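Each chain is listed here by its residues.
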Amino acid sequence: MDIEIFPYRVLGSDTTEKLLNDLESLEDVKRTVIQGPRFPKGEATLPPQYQERRVINVCGEDVVLQVKTARIFLEITMESTIKEVEQICEKHIPYGFDINQDRSNYIRKQKTVTDRIKYGNKEIPDELVGMTDQYSTFDDHVKIIKKDD
């Protein structure tokens with residue numbers, strides 16, 4: 001099952017980092033995808049206190065934050081996890097949010113034409129399906145954080 005967390009405001013880098021760390025600490029979370037507008041190219045010229053594009057640490061791994069977090073998609077297996085997700089969101093998103101589970105799939109699970117164009121006919125791991133952007137290099141936009149099994 002996939003759920004969507006839709007904050008009423010775009011999240012800052014610090015909030016995104018704290019929220020992702022707490023969400024990734026849940027055992028039932030299989031994949032997490034953040035979506036939002038890209039940071040402006042001229043952001044590097046801003047004073048440091050106004051720069052949002054930075055390296056965040058999620059579960060001990062450094063991740064370069066490329067977008068302003070407007071939506072978060074989670075792949076989970078148990079419906080009871082939604083209550084835990086809601087508690088985490090209430091802690092980190094005080095101005096409000098919606099948790100949507102209207103669609104069965106927010107994150108693609110099947111290999112598509114776009115995946116074939118990007119990777120060819122070779123077999124790709126399940127966690128990479130749905131993570132392609134035909135206009136970018138893979139390393140620039142996807143960071144896989146492995147959980148201890």
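Residues numbered from 1 in each chain as written. Predicted model: local features only at pLDDT ≥ 70, side-chain atom pairs only at ≥ 80, totals over all residues. Heavy atoms only, no water.

1. A closer look at the overall build of the protein
When you go through the protein residue by residue, the secondary structure sums to 4 helices and 6 strands. Across the protein, helices and strands are ordered from the amino to the carboxyl terminus as β-α-β-β-β-β-α-β-α-α. For the protein, buried positions account for 35% of its 149 residues. For the protein, the computed accessible surface area is about 9,400 Å², with 48% contributed by carbon and sulfur atoms. (Helix = DSSP H or I, 4+ residues; strand = E, 2+ residues; numbered from the N terminus. Buried < 20%, exposed > 50% of the residue type's maximum accessible area, 1.4 Å probe, protein only. Areas by Shrake-Rupley, 256 points an atom, 1.4 Å probe, with all protein chains shown as cover.)

2. Digging into the side chain of Thr-16
Assignment of secondary structure puts Thr-16 in helix 1 (residues 13–24). A residue is classified by how much of its surface remains accessible, and Thr-16, at 1% relative accessible area, is buried. Here Thr-69 takes part through its side chain, which lies 3.0 Å from a polar atom of the side chain of Thr-16. Dropping the residues within four chain positions of it, Thr-16 is found in contact with Leu-11, Ile-56, Leu-65 and Thr-69. (Polar contact = N/O pair within 3.5 Å; in protein donor to acceptor, adjacent residues only side chain to side chain. Contact = heavy atoms within 4.5 Å.)

3. A look at the confidence of the model for the protein
Caution is warranted with low-pLDDT regions, since their predicted coordinates should not be read in detail. When the pLDDT values of the protein are averaged, the result is 80; 66% of them are 70 or greater. Within the protein, the lowest mean pLDDT, 54, falls on helix 4 (residues 138–141), and the highest, 95, falls on helix 2 (residues 81–92). (pLDDT = per-residue confidence, 0-100.)

4. Points about helix 2
With 12 residues, helix 2 extends 17 Å between its outermost C-alpha atoms, agreeing within 8% with the 16 Å of an ideal straight helix rising 1.5 Å per residue. On its buried face, helix 2 is in contact with strand 1 (2–7), helix 1, strand 5 (71–75) and strand 6 (97–100). (Expected span 1.5 Å × (residues − 1).)

5. Let's talk about the environment of Leu-74
When you line up the elements, Leu-74 lands in strand 5. When its relative accessible area of 0% is taken as the criterion, Leu-74 is described as buried. Considering only alpha carbons, one finds Leu-74 and Asp-28, 46 residues apart in sequence, at a separation of 9.7 Å.

6. Considerations on the sheet that holds strand 6
Taken together, 4 strands build an open sheet; the order of strands is 2-5-1-6 and the sheet is antiparallel. Looking at the sheet topology across the chains shown, the edges are occupied by strand 2 (31–35) and strand 6. Adjacent strand axes in the sheet meet at a mean angle of 15 degrees when their direction is disregarded. Taken together, the 4 bridges between strand 1 and strand 6 define a ladder with antiparallel strand orientation. (Pairing = 2+ DSSP bridges. Axes fitted to C-alpha atoms, helices over the stretch in contact; angles between N-to-C directions.)

7. Topic: the nonpolar core
The biggest cluster of nonpolar side chains holds 16 residues, and the ones touching the most others in it are Ile-5, Leu-19, Leu-23, Leu-74 and Val-85. No other element matches helix 2, which puts 4 residues into this core. Excluding anything up to four places from it in sequence, Leu-23 contacts Ile-5, Val-29, Ile-72, Leu-74, Val-85 and Ile-88. Of all hydrophobic cores here, the second largest spans 6 residues; its members include Leu-20, Ile-56, Val-58 and Leu-65. (Core = buried A, V, L, I, M, F, W, Y, C linked by side-chain atoms within 4.5 Å.)

8. Here we look at the pattern of salt bridges
This model, assessed by the stated rule, comprises 5 salt bridges. Across the pair Arg-54 and Glu-17 runs a salt bridge, and its minimum N-O distance is 3.1 Å. Here Arg-54, found in the loop between strand 2 and strand 3 (55–58), pairs with Glu-17, found in helix 1; they are 37 residues apart in sequence, far enough to count as distant. With a relative accessible area of 19%, Glu-17 lands in the buried category. (Salt bridge = Lys/Arg side-chain N within 4 Å of Asp/Glu carboxyl O.)

9. Let's talk about helix 1
In this model helix 1 runs 16 Å from its N-terminal to its C-terminal C-alpha over 12 residues, within 8% of the 16 Å that 1.5 Å per residue would give. Listed in full, the buried residues belonging to helix 1 are Ser-13, Thr-16, Glu-17, Leu-19, Leu-20, Leu-23 and Glu-24.

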